[in-house]
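Remarks on the overall topology
The lines below spell out each chain.
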Amino acid sequence: MKSLRKFPLRWKHGLIALGLGAGFGVASMSPSFFLSAQEAQPAAVGLRGILPANAPAGLLEDDFLTLGESWGTWSKGAAAAVAAFYDNEKLDAAGQRAALGVLKTKLSTMEKAINDVAYTAIFDKLSTQYGRLSRRVIIAEAALDTLEINPATAQQARIQAARTEVAAAATQLDSYLGTIDGSQPWFDYAKVEVLRNFGTKEVSADVLNVAQQRLSNPEKLEGEQQRAFIKRAAFQNVREKLAAYQELANAPAPKVNVAALRETLAKMVEALEQFEETRSSVAAAAATEQFLKIRTLAADGGERMGDAMSSAYFNYNLRVIASETFLSKVAAESHAETGPVRDFVLGANVSGSQTTNTRVGIDVMPSNRDIAFALTLSGVSQTNTAGVTDQATVFTSGYHQFWAKKPVAFDGDKFTTAPATIDVQANNTTTGARTGLSGVPLLGGIVDSYAVDKAREKRGESEAIAAQRLRDKVLPRLNEEADAKFATYSQKLDAEFIAKLKKNNLFPSARSFRSTDTDVYASTRLMQTGEISGDSTRLPALSATGASVHMHETLLNNSIDRMNLGGRKFTEDELAKEILTGLSVLFGREFKIGEKRSEADKPDNTKFVLPAKDAFRVRFENGQVVLVIRTGLEPEGGEAVPTQEITVPIAVSLDAGKVKLEAGQVTVTPVEAVTNPLTQRARSAVVTSKIQKSLPTRTINASFDLKHDDGTAAQIAIRQLKASGGWLSVVFE
């Protein structure tokens with residue numbers, strides 16, 4: 001008989017919890033020991049031994065009471081509900097689900113308040129508490145679901161999903177073949193029609209095997225062209241999806257090692273709690289490592305937990321929302337052109353002058369694949385002309401309106417344009433005529449009036465010609481200029497931004513671009529394996545006429561981790577330069593040090609000695625940007641200071657048209673054990689003075705001008721600035 005496995009003791013929140021992987025309530029041997037791991041696992045134990053033994057920091061009564069006196073009773077109830085969920089060791093799985101239901105009700109209340117302008121004053125605190133609680137609830141509920149999933153049911157769900165993917169791939173192949181002449185035999189050969197309906201209709205294994213053999217063995221086809229054709233991506237996609245389905249359908253239902261699954265869930269939750277407390281990259285790596293193990297242990301392949309992690313810890317960490325009104329303001333340009341008219345219309349030589357006034361705007365259009373919009377060009381062309389024939393000279397005033405649209409799509413990498421369209425409303429008014437008899441009493445007036453009447457009879461024709469002339473003038477120019485401009489934008493985007501992001505390992509790992517008929521949405525995630533990203537915390541209400549930028553703290557933390565600062569030494573100026581260079585690449589604009597050192601100041605050659613990991617962490621919470629620095633100091637000619645953890649709260653606010661950044665009280669704590677408190681006190685004073693001096697209060701203009709090609713400028717102003725719940729949100733108008 002194999003030796004008994006030793007189970008480690010877990011020390012958490014000052015209590016010893018026995019983390020038995022098989023979930024036994026006692027360590028003594030019982031008959032259930034000899035059963036399989038899945039049979040021996042009591043289902044009712046639920047999350048005991050997986051979650052912390054006590055409510056996490058940040059979810060205690062004092063934390064909820066920060067919402068204010070009017071929320072006092074509710075806050076105490078919320079804290080009690082959190083404590084009941086974590087602290088009650090007698091809760092079984094059903095009791096834990098009921099407790100989670102209570103917590104979800106509390107979250108719903110906070111959601112409503114977050115979206116209610118009546119609670120704007122406590123938005124920061126509300127969103128912070130909401131984020132802390134919602135992430136725990138999302139993960140806890142997913143852990144319960146993962147433990148209780150029936151392996152056979154999960155297997156069938158995965159098989160059905162694989163069938164749907166086969167059908168989708170066959171539908172894509174169907175569309176592809178539909179664009180190729182003479183492709184009908186390929187529909188039958190690859191069983192396209194049968195596979196296209198596989199998501200909802202049964203197909204015999206024999207038919208599937210025939211399709212797979214034909215797709216997998218191109219050498220059985222006679223001609224080289226046929227063999228090359230079936231190797232195209234659309235065919236191979238069907239082959240790969242079909243192979244994945246067959247492998248899954250023929251595999252037995254997985255046997256779940258519940259003991260190993262529970263142990264892995266516990267380790268992941270513990271690492272996530274450490275990340276919540278420290279934002280440590282080490283904790284993030286530990287959490288993601290355990291999550292990947294769950295994928296190999298869970299009956300559903302970790303799908304349920306994957307959804308939860310995607311929402312709570314692997315979400316986008318940069319979100320930009322811009323309204324059509326704001327985009328039109330940014331793009332708006334006005335042009336006025338005046339010039340001569342020289343034309344031959346309806347048998348007359350026409351000459352005169354014209355003035356055309358145009359205005360550029362943006363019309364956002366719905367799209368779930370990219371950002372779709374139209375570059376709009378509206379204008380009025382006014383003409384004053386004289387049409388000369390052998391019989392008379394007719395004077396005409398024209399007032400022609402036009403509305404042109406140039407469709408554009410942006411997929412995150414490039415702009416794509418389509419031909420422009422135009423609507424024209426032409427209006428010609430005959431204002432007079434002159435003939436050879438003009439000025440002759442009585443007869444001259446009659447002849448002139450006759451000439452005017454004849455000109456007016458041809459008004460419809462003349463307006464149609466004027467409209468066509470305007471189309472011929474506007475459309476080619478709009479297409480040519482817009483195509484060239486957006487092609488240039490795409491080239492610059494690739495060469496000056498995307499290429500630099502990729503070179504510096506700062507290119508997003510996930511992106512989403514879409515638009516409605518009123519707004520555009522761009523979301524990106526900077527995260528690689530071993531990192532954590534944004535969450536689904538409720539953000540400030542959207543601006544109907546402005547633009548909002550929401551940046552999660554992980555965007556900066558993950559970016560800093562890529563700057564390779566760890567384990568190096570820098571002077572203050574060198575360190576600032578490194579960080580600003582990295583930020584310039586990340587955001588595609590140059591960041592500079594706000595104040596230059598006075599020539600009278602001696603350069604400070606004190607070295608910052610950075611540890612290998614987590615030298616810098618950023619938090620956005622309670623209206624502050626909290627900078628956590630872990631560094632040692634090597635003063636020039638002085639005693640070295642070992643690694644200290646320095647916390648610098650920087651309050652961000654809008655004040656009289658200025659963005660104000662005001663550093664609060666710096667706190668310093670040693671990373672290593674202290675043997676001499678007096679020495680540490682002196683070290684703290686040195687570090688505090690050093691940091692406080694380098695972080696004076698700064699103000700930045702909250703408005704700026706965005707210059708247009710026509711020399712005008714759109715004034716953009718920051719109307720809202722919030723740092724809460726891990727997010728820095730800026731609203732522009």
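Scroll up to find the structure this text is about.
This text gives an overview of the structure that appears in the document. The structure presented is a predicted model; accordingly, all values stated were derived computationally and were not measured.

Parameters and conventions
- Residue positions are given per chain, counting from 1 as you read along its sequence in written order.
- The predicted nature of this model means local features are confined to residues of pLDDT at least 70 and side-chain atom pairs, given and counted, to a pLDDT of 80 or more, with totals for whole chains, interfaces and linings taken over all residues.
- Values reported for side chains reflect all heavy atoms of the structure, with hydrogen atoms and water molecules removed beforehand.
- Under the DSSP-based scheme used, a helix requires at least four consecutive residues in state H or I and a strand at least two consecutive residues in state E, with every element numbered from the N terminus.
- With a 1.4 Å probe rolled over the protein chains alone, any residue whose accessible area is under 20% of its type maximum counts as buried; one over 50% counts as exposed, and the rest are partly exposed.
- In this description, contact between two residues means that some pair of their heavy atoms is separated by no more than 4.5 Å.
- Here the accessible surface of atoms and residues is derived via Shrake-Rupley with a 1.4 Å probe, and residues count as covered only by protein chains that are part of the display.
- Under this scheme, a helix contributes an axis fitted over its contacting stretch, all axes are lines through C-alpha atoms, and angles between N-to-C directions fall in the 0 to 180 degree range.
- Roughly parallel covers angles under 35 degrees, roughly antiparallel covers those over 145, roughly perpendicular covers 65 to 115, and oblique covers all other angles.
- Note on convention: the crossing is left-handed when the near helix lies turned anticlockwise from the far helix by less than a right angle, right-handed when the turn is clockwise.
- Side-chain classes are defined by residue name, with Ala, Val, Leu, Ile, Met, Phe, Trp, Tyr, Cys and Pro counting as nonpolar, Asp, Glu, Lys and Arg as charged, and the others, Gly among them, as polar.
- Note on pairing: DSSP must find at least two bridges between two strands before they are called paired.
- Salt bridges are defined by distance alone: a side-chain nitrogen of Lys or Arg within 4 Å of a carboxyl oxygen of Asp or Glu.
- Counted as positive: Lys and Arg. Counted as negative: Asp and Glu. His and the chain ends are not counted at all.
- Each Phe, Tyr or Trp ring, with Trp reduced to its six-membered ring, pairs with another whose centre is within 6.5 Å; inter-plane angles below 30 degrees give stacked pairs, above 60 give edge-to-face pairs, and intermediate values give tilted ones.
- Here, nonpolar core means buried Ala, Val, Leu, Ile, Met, Phe, Trp, Tyr and Cys residues that are tied together by side-chain atoms lying within 4.5 Å of each other.
- Expected helix span is computed as 1.5 Å times (number of residues minus one).
- We call two N or O atoms a polar contact when they sit within 3.5 Å, provided that within protein one can donate a hydrogen and the other can accept it, with sequence-adjacent residues counted only if both atoms are side-chain atoms.

Here we take up the overall build of the protein. Looking only at helices and strands, one finds 20 helices and 24 strands in the protein. Considering the protein as a whole, with its 733 residues, one finds that 44% of them fall into the buried category. Once local pairs closer than 6 in sequence are excluded, the contacts in the protein between residues at least 24 apart make up 67%. Total accessible area on the protein stands at roughly 38500 Å², and carbon and sulfur atoms take up 53% of it.

The axes of two packed helices give the description: the angle between them and the distance between them. Viewed as axis vectors pointing N to C, helix H4 (residues 93-114) and helix H5 (residues 123-148) meet at an angle of 150°, and their least axial separation amounts to 9 Å. Relative to H5, the element H4 lies roughly antiparallel. Regarding H4 and H5, the two cross each other, and that crossing is left-handed. Taken together, the residues of the contact of H4 with H5 break down into 14 nonpolar, 4 polar and 6 charged.

For the rest of this paragraph, the subject is the sheet that holds strand S13 (residues 547-552). In space, the 7 strands of this open sheet follow the order S11-S12-S3-S13-S24-S23-S22, with antiparallel pairing throughout. Edge positions in the sheet fall to strand S11 (510-515) and strand S22 (703-707), since each has one partner strand and no second. Strand-to-strand twist in this sheet, taken as the mean axis angle between neighbours without regard to direction, amounts to 15°. Summarising the sheet, S22 and strand S23 (residues 713-724) pair through 5 bridges and their orientation is antiparallel. Its bridge partner being in S23, Leu706 is matched across the sheet by Ala714. Lying over the sheet, helix H15 (residues 324-331) contacts strand S3 (318-323), strand S12 (519-525), S13, S22, S23 and strand S24 (727-732), oriented at roughly 80° with respect to S3.

The buried count for helix H18 (residues 553-561) comes to 8 of 9 residues, which makes it a mostly enclosed element. Burial in H18 covers these residues: Glu553, Thr554, Leu555, Leu556, Asn557, Asn558, Ser559 and Ile560.

Turning our attention to unusual backbone geometry. Backbone geometry at Arg279 places phi at a positive 60°, although glycine is not the residue there. One non-glycine residue, Ala656, lies in the positive phi region at around 55°. Looking at the secondary structure, you find Ala656 in the loop between strand S18 (641-655) and strand S19 (658-663). Overall, Ala656 belongs to the exposed group, its relative accessible area being 75%.

Our focus in this paragraph is the pattern of salt bridges. Under the defined criterion, the tally for this structure stands at 26 salt bridges. For Asp535, the salt bridge is made with Arg135, and the minimal N-O distance between the two is 2.5 Å. Of the two residues, Asp535 is situated in the loop between S12 and S13 and Arg135 in helix H5; the sequence distance between them amounts to 400 residues. A relative accessible area of 9% means that Arg135 is categorised as buried. Ionic pairing is found between Arg196 and Glu193, a salt bridge with its closest N-O pair at 3.0 Å.

This paragraph deals with the side chain of Lys106. Inspection of the secondary structure assignment puts Lys106 in helix H4. Nearest to the buried, unbridged Lys106 among oppositely charged side chains is Glu61, at 12 Å. Beyond its immediate stretch of four places on either side in the chain, Lys106 contacts Trp74, Gly77 and Ala78.

Below, the discussion takes up the packing of aromatic side chains. Any two aromatic rings considered together are summarised by their centre-to-centre distance and by the angle between their planes. Using the criterion set out here, one finds 18 aromatic pairs in the structure. Plain terms: the ring middles of Trp186 and Phe229 are 5.1 Å apart, the flat faces sit at 50° to each other, and that makes the pair tilted. One end of the pair, Trp186, is in helix H7 (residues 184-189); the other, Phe229, is in helix H10 (residues 224-229), and 43 residues separate them in sequence. For Phe229, a relative accessible area of 11% gives the class buried. On the numbers, 5.0 Å between centres and 90° between planes, the contact of Phe198 with Tyr245 is edge-to-face.

Now for the nonpolar core. Leu565, Leu610, Phe616 and Phe620 are the most contacted members of the largest nonpolar core, which totals 71 residues. Element by element, the count of residues in this core is highest for helix H17 (residues 459-503), at 11 residues. Ignoring anything within four residues of it in the chain, the contact list for Phe620 reads Met551, His552, Glu553, Leu556, Val625, Ala723, Ser724, Gly725, Gly726, Trp727 and Leu728. Phe85, Ala113, Ala142 and Val258 belong to the second largest nonpolar core, which has 61 residues in total.

Time to look at helix H3 (residues 72-87). With 16 residues, H3 should reach 22 Å at 1.5 Å per residue; the first-to-last C-alpha distance of 22 Å fits that figure. Those residues of H3 not exposed but buried are Gly72, Trp74, Ser75, Ala78, Ala79, Ala81, Val82, Phe85 and Tyr86. Elements in contact with the buried residues of H3: helix H2 (61-64), H4, H5 and helix H12 (258-278).

This part covers the pairing of strand S16 (residues 616-621). Within S16, 6 of the 6 residues are buried, leaving the element largely enclosed by the surrounding structure. Residues Phe616, Val618 and Phe620 line one face of S16 and the alternating positions Arg617, Arg619 and Glu621 line the opposite face, and both faces are buried. Across 6 bridges, the pairing between S16 and strand S17 (residues 624-634) is antiparallel. What sits directly across from Arg619, in S17, is Val626.

On to the pairing of S13, then. Of all 6 residues in S13, 5 are buried; the element is thus mostly enclosed. Looking at chain direction, S3 and S13 are connected through 5 bridges and run antiparallel. Residue pairing in the sheet places Arg319 in a bridge with His550 of S13. Bridge analysis of S13 against S24 gives 6 bridges, and the strand direction is antiparallel.

Moving on, we get to the environment of Thr516. With respect to the helices and strands, Thr516 occurs in the loop between S11 and S12. Distance from Thr516 to Ser323, taken between C-alpha atoms, is 9.6 Å for residues 193 residues apart in sequence. In this view, Thr516 contacts Val364, Met365, Pro366 and Tyr521; residues no more than four positions away in its chain are not counted. Separated by 3.1 Å, the side chain of Thr516 and the backbone nitrogen of Thr518 make a polar contact.

Take the environment of Phe608 next. Mapped onto the secondary structure, Phe608 falls in strand S15 (residues 607-609). For Phe608, a relative accessible area of 7% gives the class buried. Each C-alpha atom of the pair Phe608 and Leu633 lies 4.9 Å from the other, and the pair is 25 residues apart in sequence.

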